[in-house]
Every structure is written in structure tokens, then in C-alpha cells.
Amino acid sequence: MQSNEKLLFSIVVPVYNVQDYLERCVASLTAQDYPRIEIILVDDGSTDCSGTLCDACAQADARIRVVHKPNGGLSSARNAGLASAAGDYVIFVDSDDYVERGTCRILAERLAEHPGADMIAYDGWEEEGQERRALRRISGKSCTTESGSAFLLRNYRDRNLNVEAWLYASRIEFLRREELCFREGILHEDVEFTPRALLKAERVLTIPDCFYHYIIREGSISTGKSRVKNIEDLFATLKEQSAVADEQEKELGRWMKNAILDSYLNMIYDARMYQPQYRKYVEKSFLLGKAATPWNHIRVCLCLISVRLYCSLNDLYKKRGMHG
């Protein structure tokens, strides 16, 4: 398989208080078996030794550049890295995760075969202790090229859309032309960013390769945040997306709303939003007119009857599923 070794990949790594994990992440990047890469470590105001470690990495490898900035959160760090990027495509890697050695080489090979993609979707693993699960359900070994809207429709309909920014490589010229960046100051930034970017993309390439290792650990960005902040930011994003869905072609809008409903119902269940401190975020009117599947119609009906009943029956369903 021929690769396009003219492409330069910018790898952006937001860094915040990860001194125990940063070395593994950076080692997976410097070990890439593709020559044209730049690694941008964005020290987001770390209060441990992470910033010093970043500087040491840059001293040891000329492909590494460090951006030091005041703490602004994950979106702010990604945006700073993207602004500094000089490559053709950007790859985002969280600093407590790592990637396969052949990531950039295989991406270049795939792009040589299927040039011009605005975004490339690939697979990864979710790892917790000794357990490892694939993040996507990519069938077969072939590549698929389609518009961003077609990609969204297919994956919304199959309930197989991954929004994590680190499961996509994006063409930097496309992001800058469309003025696409991460919204700062919110949690669930990928839920907000990725569908918005995909709707702008003319060509999305899906490849079957598995590159990314997502490590679940206590205290990480995604598991240690305030529950109320999580709810507020996700609900605000879902409301915005519901308005965007109204503007889409009928079939895409229908399945986009079904996915928004999925997220909202899952949030209600996960947060046990019958509790007094969360009740104001349960807007039953938001449940209406979005279900595209019989299962979601049932879930909505249960939630309209009683949020507590909906959560209790969900518990029962999950227990029965676990025990066959």
C-alpha cells in the first residue's frame, strides 16, 4: 500500500496535571513509523510537573513543540494547539491515552487511496483495567467515502455515532475555512463539536483501522466533573442540536432528533433526575416529537408517566440483561 509522505500530521495533545501518564502518551507519538509529524503539547496551566515534562520532551525531540498557557479547559487547549498547527491534518490525543505506532502511516496510506477527505473516522479501544472494548462497530475491511450528512444519517440510524474528537483526523484547511473550533467553557465539548463539523464536511472517509487507546481512570477529565455542570452543559448542547436538526433534510433531522432523545433519556437515567436538585432539568416537552424507534417511544411514555418509574424499570431491564 502506497502512502502519501508529503502529508504533514499535526498531533495536538492537551496536557493538564498528567505527570504520571504523559510519558506513555508522548512515547506512542515519537514512535510513529511515518516521518512527517509535528507534536504540539499544550500545557494548560498544569500545577504538577507536567509543564516541565513537556519542555523536557521538546528538548529530546525536535518534532515536539510546547505551548504554555493559563488554564482554560480542554476546548481551550485544543484550540490553542490547532491555532499553532502547521500540518495538513490534525489528530487530537488526550494526554492520558496513547495511539498505535502505525497511526500516521496508515492514515497517509488511506488518504493516498481516497484523497481529499475533510475528516477521517477510525476506530479505537476503550480500556479499563484488563478489559478492552472496541469503540465503534465498523463492519468489513473496506473504506467508505460519503458526505458528512450521509455519514451522520447512517450512524445515527445505526446508533453508532462516536463523537470523540480523538476518533477523527481533520483537514486543517477545512477547519479553518469553516471556522470550526471547540466551544470553550463547557463539558461534553465533543458532543457539541463533532456533529457540527460533520455537517460542514463534504467528504468523510471511514476506515476500519483501530488506532486509539482510550484509558478510563478515576479523576480523568471525563469521570471527575460536577454532576450539575455535566447536566447543564449537555442539556444546553442538546437543545441547540434539536434546533439544528429542524434545519436538516427530513430523514437526517428525524434520526438526529432520535439520537438527541437517546442522549437526554440516558442523562435522565444516569443522573437519577427524579432527585429534587435535578428536577428543573427534566423538561417533558423536550421528549416529545423525537422518537424514531418503538423502543424510544416506550422510554418516552415511561418518562412522561414518572421519571422515577422510568429509572426503576431501566434498572430492572439492565439486571435481567446481565443475568441472561
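Structure: see above.
A few points on the structure. Please read these numbers as outputs of a predicted model, since none were measured by experiment.

The residue Glu-146 is located in strand β8 (residues 144-146) in this model. Since its relative accessible area comes to 16%, Glu-146 is described here as buried. One polar contact links Glu-146 to Arg-154, side chain to side chain, over a distance of 2.4 Å.

As a further point, take the environment of Ser-76. Examined against the element boundaries, Ser-76 turns out to sit in helix α3 (residues 74-84). Linking Ser-76 and Gly-185, residues 109 residues apart in sequence, is a C-alpha distance of 7.9 Å. Setting aside its immediate chain neighbours within four residues, Ser-76 contacts Lys-69 and Glu-184. A polar side-chain atom of Ser-76 sits 2.8 Å from a polar atom in the side chain of Lys-69.

Taking 1.5 Å as the rise per residue, helix α8 (residues 227-246) with 20 residues should run 28 Å; its terminal C-alpha atoms sit 29 Å apart, in good agreement. For α8, the set of buried residues is Ile-231, Asp-233, Leu-234, Phe-235, Thr-237, Leu-238, Gln-241, Ser-242 and Ala-245. Buried residues along α8 sit in contact with α7 (189-200) and α9 (250-270). Its side-chain oxygen 3.4 Å from the backbone nitrogen of Val-228, Ser-226 forms the N-cap of α8.

Here we take up the packing of aromatic side chains. Under the criterion given, the structure shown has 12 aromatic pairs. Seen from their ring centres, Phe-235 and Tyr-264 are 4.8 Å apart, and the 15° between their planes marks the pair as stacked. On the criterion of sequence distance, the pair formed by Phe-235 in helix α8 and Tyr-264 in helix α9 is long-range, its members being 29 residues apart. Taking 5.1 Å as the distance between ring centres and 85° as the angle between the ring planes, the aromatic pair formed by Tyr-264 and Phe-286 counts as edge-to-face. Taken as a pair, Tyr-264 in helix α9 and Phe-286 in the loop between α9 and α10 (294-305) lie far apart in primary sequence, 22 residues in all. Given a relative accessible area of 0%, Tyr-264 falls into the buried group. What makes Phe-286 buried here is its relative accessible area of 8%. Between the NZ or CZ atom of Arg-78 and the centre of the ring of Phe-92, over which it lies, the distance is 5.7 Å. The residue whose ring lies beneath Arg-78 is Phe-182, and the NZ or CZ to ring-centre distance is 4.9 Å.

A few words now on the packing of α9 against α10. Contact geometry for α9 and α10: axes closest at 11 Å, N-to-C directions at 45°. Compared by their axis directions, α9 and α10 come out oblique. Regarding α9 and α10, the two cross each other, and that crossing is left-handed. Listed contacts from α10 to Asn-258, Leu-261, Asp-262, Leu-265, Asn-266 and Ile-268 of α9 are Asn-296, Arg-299, Val-300 and Cys-303. Considered class by class, the residues forming the contact of α9 with α10 number 5 nonpolar, 3 polar and 2 charged.

Calculation criteria
- Here the residue index of a chain counts from 1 through its sequence in written order.
- A pLDDT threshold of at least 70 governs which residues receive local features in this predicted model, and a stricter bar of 80 or more applies before side-chain atom pairs are shown or counted, although totals over entire chains, interfaces and linings include all residues.
- For the side-chain quantities, the full set of heavy atoms in the structure was used; hydrogens and water were omitted.
- The way it works is that DSSP assigns letters per residue, a run of H or I at least four long becomes a helix, a run of E at least two long becomes a strand, and they are numbered from the N terminus.
- Note on classification: 1.4 Å probe, protein chains only; a residue is buried when its accessible area is under 20% of the maximum for its type, exposed when over 50%, partly exposed between these limits.
- Definition of a polar contact: a pair of N or O atoms within 3.5 Å, with one able to donate and the other able to accept a hydrogen when the atoms are protein atoms, and with sequence-neighbouring residues admitted only if both atoms are side-chain atoms.
- Throughout, a residue-residue contact means that at least one pair of heavy atoms, one from each residue, lies within 4.5 Å.
- One fewer than the residue count of a helix, multiplied by 1.5 Å, yields its expected span.
- Pairing of aromatic rings covers Phe, Tyr and Trp, the last counted by its six-membered ring, and requires centre-to-centre distances within 6.5 Å; plane angles under 30 degrees mean stacked, over 60 mean edge-to-face, and any other angle means tilted.
- The criterion is that NZ of a Lys, or CZ of an Arg, lies within 6 Å of the ring centre and within 35 degrees of the ring normal, and then a charge sits over that ring.
- The axes are straight lines fitted to the C-alpha atoms, using for helices just the contacting stretch, and the angles between their N-to-C directions are given from 0 to 180°.
- Reported orientations rely on four angle classes, namely roughly parallel under 35 degrees, roughly antiparallel over 145, roughly perpendicular from 65 to 115, and oblique for the rest.
- Each crossing gets its hand from how the near helix is turned against the far one by less than a right angle, where anticlockwise is left-handed and clockwise is right-handed.
- Each residue gets one label: Ala, Val, Leu, Ile, Met, Phe, Trp, Tyr, Cys and Pro are nonpolar, Asp, Glu, Lys and Arg are charged, and the others, such as Gly, are polar.

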